[in-house]
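Residues per chain, in single letters:
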Amino acid sequence: MTEEIKPNPEQATTHEAQLAAENMVEGQEKVPTVDVSADYEASKEFSVSAIDLTEEGAQAAAAATAPKFEVPVAKETEFKAEPTGDPADYMDMAKEVSRTPVASGEVTDELVQKALEMGQPGS
């Protein structure tokens, strides 16, 4: 599928391209043709090298893509939680996983009112 380029000096992005387009329009330079199908077929020759088609190429590719470090297999751990029925055990566990610090005192209406007056929550 051969296509002929239609030069337009007004659409040129650089001064050199504009001069080349003007020369093509005036007939001073040959207007290039583009054969997309032939270019595509020719590009296929460059996409695979000769070594890639041999066993040596396959070994080189495998060596290049091989992992550099061994990944250890995950070990299964077994954990058995014995029920105690003691609420204190649960409270200790909740304190360990809590993201918020434990409040140091009791929150009263007076403390909330004071915090609102100051514009910041109390500590």
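Residues numbered from 1 in each chain as written. Predicted model: local features only at pLDDT ≥ 70, side-chain atom pairs only at ≥ 80, totals over all residues. Heavy atoms only, no water.

**Here's the deal with the overall build of the chain**
At step 1: Helix and strand content of the chain: five helices and two strands.
At step 2: Beginning at the N terminus, the succession of helices and strands in the chain can be written as β-α-β-α-α-α-α.
At step 3: Out of the 123 residues belonging to the chain, those deemed buried represent 4%.
At step 4: Accessible surface computed for the chain: about 12000 Å², of which carbon and sulfur atoms make up 56%. (Helix = DSSP H or I, 4+ residues; strand = E, 2+ residues; numbered from the N terminus. Buried < 20%, exposed > 50% of the residue type's maximum accessible area, 1.4 Å probe, protein only. Areas by Shrake-Rupley, 256 points an atom, 1.4 Å probe, with all protein chains shown as cover.)

**Focus on the environment of Thr 33**
At step 1: In this structure, Thr 33 sits in strand S2 (residues 33-35).
At step 2: Residues Thr 33 and Lys 6, 27 residues apart in the sequence, show an inter-C-alpha distance of 9.5 Å.
At step 3: Leaving out residues up to four positions away in the same chain, Thr 33 has contacts with Thr 2, Glu 3 and Glu 4. (Contact = heavy atoms within 4.5 Å.)

**Digging into the pattern of salt bridges**
At step 1: Using the criterion set out here, one finds one salt bridge in the structure.
At step 2: Two residues, Lys 44 and Glu 41, come together in a salt bridge whose shortest N-O distance is 3.4 Å. With Lys 44 and Glu 41 both in helix H2 (residues 36-47) and three residues apart, the pair spans about one turn of that helix.
At step 3: Looking at Lys 44, the relative accessible area reads 40%, which means it is partly exposed. (Salt bridge = Lys/Arg side-chain N within 4 Å of Asp/Glu carboxyl O.)

**Topic: helix H1 (residues 15-26)**
At step 1: In this model, H1 (12 residues) spans 17 Å end to end at C-alpha, consistent with the 16 Å of a helix rising 1.5 Å per residue.
At step 2: Gly 27 sits one or two residues past H1 and shows a positive phi near 90°. (Expected span 1.5 Å × (residues − 1).)

**What about a negative patch on the surface?**
At step 1: Taken together, the side chains of Asp 86, Asp 89, Asp 92 and Glu 96 present a region of like negative charge at the surface.
At step 2: In this structure, Asp 89 sits in helix H4 (residues 87-97). (Patch = residues over 30% accessible without salt bridge, like charges linked within 9 Å, V, L, I, M, F, W, Y side chains within 5 Å. Lys, Arg positive; Asp, Glu negative; His and termini not counted. Charge placed at Lys NZ, Arg CZ, Asp CG, Glu CD.)

**So, the confidence of the model for the chain**
At step 1: Looking at the chain, the pLDDT average stands at 81 and 89% of residues meet or exceed 70.
At step 2: In the model of the chain, strand S1 (residues 2-4) stands out as the element of lowest mean pLDDT, 75, in contrast to H1, which has the highest, 90. (pLDDT = per-residue confidence, 0-100.)

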